[in-house]
Amino acid sequence: MSKHIAILASTTAATLLAVWVYFEFIKPASVCTPTGVIAGNAQIGGPFELVTHKGTPVTDKDVITGLSLVYFGYTFCPDICPLDMARNVEAVDLLDEAGIDVTPIFITIDPARDTPVVLSDYVDVMHEKMIGLTGTEAQVSAASKAYKTYYRKNGDGEDYLMDHSTFSYLMSPSGFLDYIQRDQSAEQVAQKITCYAN
């Protein structure tokens, strides 16, 4: 009897060890880590009222009708915004090939220059599915605060720049899902979004 107990105990120990090794070293980590926050208890996203690149007043409910990749930037940005948006729309195309519909949304932080007409030209160049959003200074500020983004005018004259945060936000009609960092490739972004679509 004690022999059988010893065999059972050793088998159980071996099984537990195998399970531990699998979860600790072999099983790939999930790319989905929905938290609803970036730091602390700060909720990301919320209501906004803006104007599309077609001049139509909208709310967040009008534009975030499915999976959406939201980015705050400005069309006069010399380097960061074009690279981030090019990466985002490339990810959107990769996802489209996989049958996953994602809308790229660009919210300007420079409404003084980014009128609907300017945004319309920008959207035409970037992607046919993109929605460009602008509004009054107060409307843009409210949207930025809802998403916990940062921006500040840097310089004077017509050629001023805008300092700003560079996260992209994966949103759904029910709210925030995840954030995308600048150093992630289009393939990595598409992979991250894919698991939220399943």
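Residues numbered from 1 in each chain as written. Predicted model: local features only at pLDDT ≥ 70, side-chain atom pairs only at ≥ 80, totals over all residues. Heavy atoms only, no water.

Asker: Is there a simple way to explain the overall build of the protein in this structure?
Answerer: Per the secondary structure count, the protein includes six helices and nine strands. When burial is assessed residue by residue, the protein has 42% of its 198 residues classed as buried. Put simply, 70% of the contacts in the protein that link residues at least 6 apart link residues at least 24 apart. A total accessible area of about 10900 Å² is found for the protein, and carbon and sulfur atoms account for 59% of it. (Helix = DSSP H or I, 4+ residues; strand = E, 2+ residues; numbered from the N terminus. Buried < 20%, exposed > 50% of the residue type's maximum accessible area, 1.4 Å probe, protein only. Contact = heavy atoms within 4.5 Å. Areas by Shrake-Rupley, 256 points an atom, 1.4 Å probe, with all protein chains shown as cover.)

Asker: Quick question: what am I supposed to make of helix α4 (residues 116–126) here?
Answerer: Listed in full, the buried residues belonging to α4 are L119, Y122, V123 and M126. End-on, the buried residues of α4 take up no more than an arc of 100°, which puts them together on one face. The outward face of α4, more than 90 degrees from its buried face, is lined by the exposed residues V117, D124 and V125. (Arc of directions from axis to C-beta.)

Asker: Would you take a moment to explain the side chain of H53 for this structure?
Answerer: By the secondary structure assignment, H53 is in the loop between β1 (49–52) and β2 (57–59). Using a relative accessible area of 12% as the deciding quantity, one classes H53 as buried. Not counting the four nearest positions on each side in its chain, H53 is found in contact with P116, L119, S120, V123, M130, I131 and G132.

Asker: I tried to follow the nonpolar core on my own but got confused; where do I start?
Answerer: Nonpolar side chains in soluble globular proteins tend to end up buried together. Ranked by size, the top nonpolar core spans 34 residues in total, and within it F48, V70, L133 and Y147 carry the most contacts. Within the residue set of this core, elements represented by two or more residues are β3 (68–73), α3 (80–97), β4 (103–108), α4, β5 (131–134), α5 (137–146) and β8 (168–172). No other element matches α4, which puts four residues into this core. Setting aside residues no more than four positions away along its own chain, Y147 makes contact with I44, G45, G46, F48, I64, V70, F72, Y169 and M171. Core analysis: the next-biggest nonpolar cluster, separate from the first, contains 15 residues, L67, V92, V102 and I193 among them. (Core = buried A, V, L, I, M, F, W, Y, C linked by side-chain atoms within 4.5 Å.)

Asker: Looking at this model, I keep getting lost on unusual backbone geometry. Mind explaining?
Answerer: As a rule of thumb, non-glycine residues mostly have phi less than zero, and peptide bonds are mostly trans rather than cis. One non-glycine residue, K148, lies in the positive phi region at around 60°. Looking at the element boundaries, K148 is found in the loop between α5 and β6 (151–154). Classification of K148 as partly exposed rests on a relative accessible area of 46%.

Asker: Can you help me understand the packing of aromatic side chains in this one?
Answerer: Aromatic ring pairs: the centre-centre distance and the angle between the two ring planes describe each pair. Enumeration according to the criterion identifies seven aromatic pairs in this entry. Taking 4.8 Å as the distance between ring centres and 45° as the angle between the ring planes, the aromatic pair formed by F106 and Y122 counts as tilted. Of this pair, F106 sits in strand β4 while Y122 sits in helix α4; the two residues are 16 residues apart in sequence, bridging distant segments of the chain. By relative accessible area, Y122 is classed as buried at 12%. Both rings, one in Y147 and one in Y169, keep their centres 5.6 Å apart while their planes meet at 65°; by these two values the pair is edge-to-face. One end of the pair, Y147, is in the loop between α5 and β6; the other, Y169, is in strand β8, with 22 residues separating them in the sequence. In this pair, the class of Y147 matches that of Y169, namely buried. Pairwise contacts between aromatic rings join F72, Y147, F167, Y169, F176 and Y179 into one cluster. (Phe/Tyr/Trp six-rings, centres within 6.5 Å; stacked < 30°, edge-to-face > 60°.)

Asker: Can you help me understand the confidence of the model for the protein in this one?
Answerer: It should be kept in mind that the predicted coordinates are not to be read in detail where pLDDT is low. On average, the protein scores 84 in pLDDT, and the residues at 70 or more come to 79%. For residues 3–31, every residue scores under 50 in pLDDT, and the model assigns this stretch seven contacts once sequence neighbours within four places are set aside. (pLDDT = per-residue confidence, 0-100.)

Asker: How should I be thinking about the packing of α3 against helix α6 (residues 186–197) in this particular structure?
Answerer: When two helices pack together, you describe them by how their axes are tilted relative to each other and by the distance separating the axes. Remark: α3 packs on α6, axes separated minimally by 8 Å, with the N-to-C direction vectors making an angle of 55°. Relative to α6, the element α3 is oriented oblique. Crossing geometry of α3 relative to α6 is assigned as right-handed. Taking contact as the criterion, the partners of R87, E90, A91, L94 and L95 in α3 are, on α6, A186, E187, V189, A190, I193 and T194. (Axes fitted to C-alpha atoms, helices over the stretch in contact; angles between N-to-C directions. Parallel < 35°, antiparallel > 145°, perpendicular 65-115°, else oblique. Left-handed = near helix turned anticlockwise from the far one by under 90°.)

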